[in-house]
Amino acid sequence: MKKTGLVLEGGAMRGMFTAGVLDTFLDNKIKFDCVVGVSAGALFGVNLLSEQKGRALRYNKKYNSDKNYMGLIPLFKEGNFFSTEYAYDRVPRKLDPFDDEKFKSSGVPFYAVMTDVESGKPEYIKIDSVFEQMDALRASGSMPFVSKPVEINGKKYLDGGISDSIPFEWLGAKGFEKIVVVLTRAADYQKKPMNKAVAKMYGIKYPKIAERMIDRHNQYNRSVEKLGRWEKEGKTFVIRPSHTPEISRIEKDPEKLQSVYDLGISDANAIMDDLKRYLAL
C-alpha cells in the first residue's frame, strides 16, 4: 500500500479553513501516515492527531478578542503579538486542554516547519509531544515584525512559511507517494512582492530572513505552479478554498472565524468522495 502524507499550509486565521477540513477528516475517519504543518497549519493541525474536533475553532472564537491574548498589549509586554504565556501555556494546558497523550499515542509522525534565522533555511522538526516541544510549534508560527525569534538549543527560529510555505516536495522526497495538500488560498491567488525597503530594515538584524522575504513571492508562486503539475500527474490531491476567505490574518470576529471554518467543512465534504478514491479507501 502506498504511503500517504498530509501537508498543511499556514496563513494565520485563514487556518480556520484548515480546521474545518481537518474536522471533516475526523468525521470521515481519514488518516495519514505522516503530517507536516507550517505555522497555523502546524498549530491547528496537531488537533487532528489528538482527535479534538472543534477545538481550534472554539479557542480562537473565545480568546482572540481578549486584548491580553492577542494584540498590542502582548506585543509591547513580550515582543509577541500572541502572548506566549496565555496562548501557548494557559490555553492548551488549562483553559481548553490539548490531549497530548492522545496525540502521542496516534502513531503518526507530525512535523512542524520553522525557519533558521541565521541561515534562512527551513527545518522540519518532528513533534513527539506538543507540551514538551511547544517552543518548536511557537517558532513555526512566529511571524516576522510581530514576533521575537524563538530560541531552541542555542539557535533562533521564525515562521516556517518564510522558507517553505507548502512542503509537499519535502514530503515526496521522504517516500510518500500520495500527498494531500490543504491550502488556505483560492486557486486564483498569486502572491505579490513585499515592500523591499521594509524587508531591508528587518535585514539589518536578520539579513537571511530579509532575503527570503524579498524573494518569497517568487518562491511561493513557483511552488504553487509545481504543485499544480503534481496534482495533474496524480502525485497530490489539493484541497483549497472554493472562494477567497473573507478574513484577516489576525481576525477577532467570531462570526468570520466560524464562516471560514464552515467553508472548510463544506469544501471538504464536496470533494470527500474524490479524496477517498485518491487514497483508495
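Up top is the structure.
Residues numbered from 1 in each chain as written. Predicted model: local features only at pLDDT ≥ 70, side-chain atom pairs only at ≥ 80, totals over all residues. Heavy atoms only, no water.

In this structure, asparagine 60 sits in helix H3 (residues 55-63). Owing to a relative accessible area of 1%, asparagine 60 belongs among the buried residues under this scheme. Each residue touching asparagine 60, except ones within four places of it in the same chain, is listed here: Met13, Met16, Phe44 and Leu257. (Helix = DSSP H or I, 4+ residues; strand = E, 2+ residues; numbered from the N terminus. Buried < 20%, exposed > 50% of the residue type's maximum accessible area, 1.4 Å probe, protein only. Contact = heavy atoms within 4.5 Å.)

This part takes up the nonpolar core. If you look at the biggest cluster of nonpolar residues, it comprises 61 residues, and the most contacted ones within it are Leu6, Phe25, Leu137 and Val180. In terms of residue count, helix H2 (residues 40-49) provides more of this core than any other element does, seven residues in total. Here leucine 137 is in contact with Ala42, Leu43, Val46, Phe110, Ala112, Ile127 and Val130, once residues within four sequence places are set aside. The next biggest cluster of nonpolar side chains, apart from the first, holds 18 residues, and it includes Cys34, Val36, Leu183 and Trp230. (Core = buried A, V, L, I, M, F, W, Y, C linked by side-chain atoms within 4.5 Å.)

One non-glycine residue, alanine 12, adopts positive backbone phi at about 55 degrees. Along the chain, the position of alanine 12 falls in the loop between strand E1 (4-8) and helix H1 (15-27). With phi around 55 degrees, lysine 29 is a residue other than glycine that occupies positive phi space. Note that lysine 29 resides in the loop between H1 and strand E2 (34-38). Residue lysine 29 is classed as exposed on the basis of its relative accessible area, which comes to 68%.

On to the packing of aromatic side chains, then. Tallied over the full model, the rule gives 16 aromatic pairs. Here the aromatic rings of phenylalanine 25 and phenylalanine 32 are separated by 5.6 Å at their centres, their planes lie at 50 degrees, and the arrangement is tilted. Judged by relative accessible area, which is 0%, phenylalanine 25 ranks as buried. Of the residues examined, phenylalanine 32 reaches a relative accessible area of 6% and is grouped as buried. Both rings, one in tyrosine 202 and one in tyrosine 206, keep their centres 5.4 Å apart while their planes meet at 45 degrees; by these two values the pair is tilted. The same class applies to tyrosine 202 and to tyrosine 206, which are both buried. If you follow arginine 185 out to its NZ or CZ, it ends over the ring of tyrosine 189, 4.0 Å from the centre. Looking at lysine 235, its charged tip hangs above the ring of tryptophan 230, at a distance of 4.9 Å from the centre. (Phe/Tyr/Trp six-rings, centres within 6.5 Å; stacked < 30°, edge-to-face > 60°. Lys NZ or Arg CZ within 6 Å of the ring centre and 35° of its normal.)

Along the chain, valine 35 turns up in strand E2. You can call valine 35 buried: its relative accessible area is 1%. Dropping the residues within four chain positions of it, valine 35 is found in contact with Leu6, Leu8, Leu49, Val108, Pro109, Phe110 and Tyr111.

Contact pair H2 / H3: the axes reach a minimum separation of 9 Å and the direction vectors enclose 130 degrees. As judged from the angle between their axes, H2 and H3 are oblique. Contact residues: H2 offers Leu43, Phe44 and Asn47, while H3 offers Arg55, Ala56, Tyr59 and Asn60. Within the contact of H2 with H3, the residues separate by chemical class into four nonpolar, two polar and one charged. (Axes fitted to C-alpha atoms, helices over the stretch in contact; angles between N-to-C directions. Parallel < 35°, antiparallel > 145°, perpendicular 65-115°, else oblique. Nonpolar A, V, L, I, M, F, W, Y, C, P; charged D, E, K, R; others polar.)

The next thing to look at is the pairing of E2. For a regular strand, the rule is simple: side chains alternate between the two faces of the sheet. Among the five residues that make up E2, five are buried, leaving the element largely enclosed by the rest of the structure. Judged by which residues are buried, E2 turns out to be covered on both faces: Cys34, Val36 and Val38 on one side and Val35 and Gly37 on the other are all buried. Relative to E2, E1 is paired through four bridges, and the arrangement is parallel. Of the residues in E2, the one forming a bridge with leucine 8 is glycine 37. Once the chain exits E1 it traverses H1 before rejoining the sheet at E2, and the crossover so formed is right-handed. The sheet contact formed by E2 and strand E3 (residues 110-116) spans four bridges and is parallel. Directly across from valine 35, in E3, lies its bridge partner phenylalanine 110. (Pairing = 2+ DSSP bridges. Right-handed = clockwise from strand over helix to strand, strands pointing away.)

Inspection of the secondary structure assignment puts glutamate 246 in the loop between strand E8 (236-239) and helix H11 (254-270). With a relative accessible area of 69%, glutamate 246 lands in the exposed category. In this structure the C-alpha to C-alpha distance between glutamate 246 and tyrosine 278, which are 32 residues apart in sequence, comes to 30 Å. Sequence-distant contacts of glutamate 246, that is, excluding residues within four places in its chain, are made with Lys256 and Val260.

Note that all results are geometric; they support no functional claim without further evidence.
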